[in-house]
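Okay, here's what each chain looks like letter by letter:
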Amino acid sequence: MRLYPLPKSREQNVRGHRNEDSSTDNSSENALPNYMIYVLSKRQRWAILMLSGGLFYGIGYLFYHHALVALIIAAGAIACPGPYSRFLLARRRATLSIQFKQALYSLSSSLAAGRSVENSFREAIQDLKLLSPEGENDLIREFGIIIARMEYGEPVEAALLDFARRAAMEDITNFADVFVTCKRTGGDLIEVMRRTSSVIGEKLEIQQDIRIMIAQKKFEAKAMFAAPFLFVLFMNLSAADYMEPLYGGTGRIISTLCLLVLGLCLIWMSRIVRIEV
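Positions within a chain are numbered from 1, following the residues in the order the chain's sequence is written. Only residues with pLDDT of at least 70 are given local features in this predicted model, and only at 80 or more are side-chain atom pairs given and counted; all residues enter the totals for whole chains, interfaces and linings. Values reported for side chains reflect all heavy atoms of the structure, with hydrogen atoms and water molecules removed beforehand.

### Re helix α4 (residues 81-112)
Residues lying three or four places apart along an α-helix face the same way, a consequence of the helix completing one turn every 3.6 residues.
Piece 1. The first and last C-alpha atoms of α4 sit 46 Å apart over 32 residues, in line with the 46 Å expected at 1.5 Å per residue.
Piece 2. Helix numbers and strand numbers start at the N terminus; a helix is a DSSP run of H or I with at least 4 residues, a strand a run of E with at least 2. Positioned one or two residues after α4, G114 has a phi angle of 100°, which is positive. For a helix, the expected span equals 1.5 Å multiplied by the number of residues minus one.

Here it is as structure tokens:
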């Protein structure tokens, strides 16, 4: 992940709240995460290369029954870390969005109960820990960083705006803008927080419902794409003599054309189900 330097005056206290994710192996000590990119660790990169290489080799051997051709096809695994990194980034941002919705309700309730802004963020951390099975996530770390900055005298508005800039998510940016405007103009922070959390929460719930429907269609697309490979595998296991002409002469040309058509189908299906929410 791209990282931003922290002011030296907050270095020691914020250090404990930094992201320890394996994707930040190349991070410096004085840094905060950027949620716009995701850099794979060496272990993740090697794992995806090995898994995708084995899968491609299996597909190549299934269609050609030739080890050298299968190895050439397996070399296509070099292109897999990029899409896998984008997948992990999208999953991380979606998780952050859900966590933010949960934190909004906690912040709103704490402020309505008369707690200060700093104590409201502390209470939100405790609530998020109860909802998080692992007891630690991106938003808990970010709220910890915000508290650390406030303890060193930095305005909460600056800490929130910095988080919104690094997250680059519409809902977090809108919340930060509303919070900052309310603090500077002396508005009714409790009422504004309540209405803002309600509106953003409803929006995130609708987005989550849409994601669930899209996920169902994505699963159907994956099942349809896997069907031809499973059929060829079944025919090889049950009627190897019948499939023998496919692995010589004209049969290999047909196999190549089939793989190309399947590749185009994969690209087409990926674009169909790629709906931004």
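Structure shown, so let's carry the discussion forward.
### A look at the pattern of salt bridges
Side chains that differ in sign of charge can pair as their charged atoms come close.
Piece 1. A pair is scored as a salt bridge if a Lys or Arg side-chain nitrogen falls within 4 Å of a carboxyl oxygen belonging to Asp or Glu. Scanning all chains against the criterion turns up 13 salt bridges.
Piece 2. For R165, the salt bridge identified is with D162, shortest N-O distance 2.5 Å. In this pair, R165 and D162 are both assigned in helix α7 (residues 156-167), three residues apart and thus about one turn of the helix distant.
Piece 3. For each residue, the accessible area found with a 1.4 Å probe, counting protein chains only, is set against the maximum for its type, and the residue is called buried under 20%, exposed over 50%, and partly exposed in between. Residue classification places R165 among the partly exposed positions, given a relative accessible area of 45%.
Piece 4. D162 gets classed as buried once you look at its relative accessible area, which sits at 13%.
Piece 5. Salt-bridge contacts for K217 lead to E220; the nearest nitrogen and oxygen are separated by 3.8 Å. Here E220 and K217 lie together in helix α9 (residues 189-238), a separation of three residues that amounts to about one turn.
Piece 6. Classification of E220 as partly exposed rests on a relative accessible area of 41%.

### Re a nonpolar patch on the surface
Piece 1. Exposure above 30% relative accessible area and the absence of a salt bridge qualify a residue for a patch, where like charges join within 9 Å and nonpolar side chains (Val, Leu, Ile, Met, Phe, Trp, Tyr) within 5 Å. Here the Shrake-Rupley method, with its probe set to 1.4 Å, supplies the accessible areas, and only the displayed protein chains count as covering residues. Side chains of L68, L71 and I72 sit close together on the surface and give an oily, nonpolar patch of about 320 Å² of accessible area.
Piece 2. With respect to the helices, strands and loops of the structure, L71 is situated in helix α3 (residues 67-74).
Piece 3. What makes L71 exposed here is its relative accessible area of 52%.

### Quick look at a positive patch on the surface
Piece 1. Together, R86, K218, K222, R271 and R274 give the surface a local cluster of positive charge.
Piece 2. Inspection of the secondary structure assignment puts R86 in helix α4.
Piece 3. Judged by relative accessible area, which is 57%, R86 ranks as exposed. His is not counted here, nor are the chain ends, while Lys and Arg score as positive and Asp and Glu score as negative. Every charge is mapped to an atom, namely NZ of Lys, CZ of Arg, CG of Asp or CD of Glu.

### Details of the packing of α4 against helix α8 (residues 170-185)
Piece 1. Two elements in contact, α4 and α8, have axes whose closest approach is 10 Å; the angle formed by their N-to-C orientations is 30°. Here α8 runs roughly parallel to α4, going by the angle between their axes. Residues L96, F100, L104 and L107 of α4 pack against D171, I172 and F175 of α8.
Piece 2. Under the scheme applied, nonpolar residues are Ala, Val, Leu, Ile, Met, Phe, Trp, Tyr, Cys and Pro; charged residues are Asp, Glu, Lys and Arg; polar residues are all the others, including Gly. Split into classes, the residues belonging to the contact of α4 with α8 amount to six nonpolar, no polar and one charged. All axes are obtained by fitting lines to C-alpha atoms, using only the stretch in contact for helices, and the reported angles, taken between N-to-C directions, cover 0 to 180 degrees. Any angle between 65 and 115 degrees counts as roughly perpendicular, while under 35 counts as roughly parallel, over 145 as roughly antiparallel, and the rest as oblique. Should any heavy atoms of two residues lie within 4.5 Å, those residues are counted as being in contact.

### Regarding helix α2 (residues 42-64)
Piece 1. In a regular helix each residue adds 1.5 Å, so 23 residues correspond to 33 Å; α2 covers 32 Å between its end C-alpha atoms and thus fits that length.
Piece 2. Turning to α2, its buried residues number three or more, namely Q44, I48, S52, G53, I59, G60, L62, F63 and Y64.
Piece 3. On its buried side, α2 packs onto α3, α4, α9 and α11 (250-273).
Piece 4. Immediately beyond the C-terminal end of α2, within one or two residues, lies H65, with a positive phi of roughly 55°.

### Focus: unusual backbone geometry
Piece 1. Phi at H65 is positive, roughly 55°, even though this residue is not glycine.
Piece 2. Looking at where H65 falls in the secondary structure, it is placed in the loop between α2 and α3.
Piece 3. With phi around 55°, A168 is a residue other than glycine that occupies positive phi space.
Piece 4. Residue position: A168 is located in the loop between α7 and α8.

### Things to note about the packing of α7 against α8
Piece 1. Remark: α7 packs on α8, axes separated minimally by 9 Å, with the N-to-C direction vectors making an angle of 165°. Compared by their axis directions, α7 and α8 come out roughly antiparallel. In this structure, α7 meets α8 at a crossing whose hand is left-handed. The residues of α8 that touch α7, namely those facing V156, E157, L160, L161, F163, A164 and A167, are I172, T173, F175, A176, D177, F179, V180, K183 and R184. By convention the crossing between two helices is left-handed if the near helix lies anticlockwise of the far one by an angle smaller than a right angle, and right-handed if it lies clockwise.

### A short note on the environment of L189
Piece 1. You can see L189 is positioned in helix α9.
Piece 2. Sequence-wise, L189 and V117 are 72 residues apart; in three dimensions their C-alpha atoms are separated by 10.0 Å.
Piece 3. Those residues within four positions of L189 in sequence are excluded, and the remaining contacts are L111, V117, F179, C182 and K183.

### Description of the confidence of the model for the protein
Piece 1. Per-residue confidence from the predictor is given as pLDDT, running between 0 and 100. Chain-level statistics for the protein give a pLDDT mean of 81 and a share of 88% at 70 or above.
Piece 2. Averaged pLDDT values for the elements of the protein fall to 41 in helix α1 (residues 11-15) and rise to 93 in α2.
Piece 3. Residue range residues 1-30 is modelled with pLDDT below 50. Its contacts to residues more than four positions away, or to other chains, number 68 contacts.

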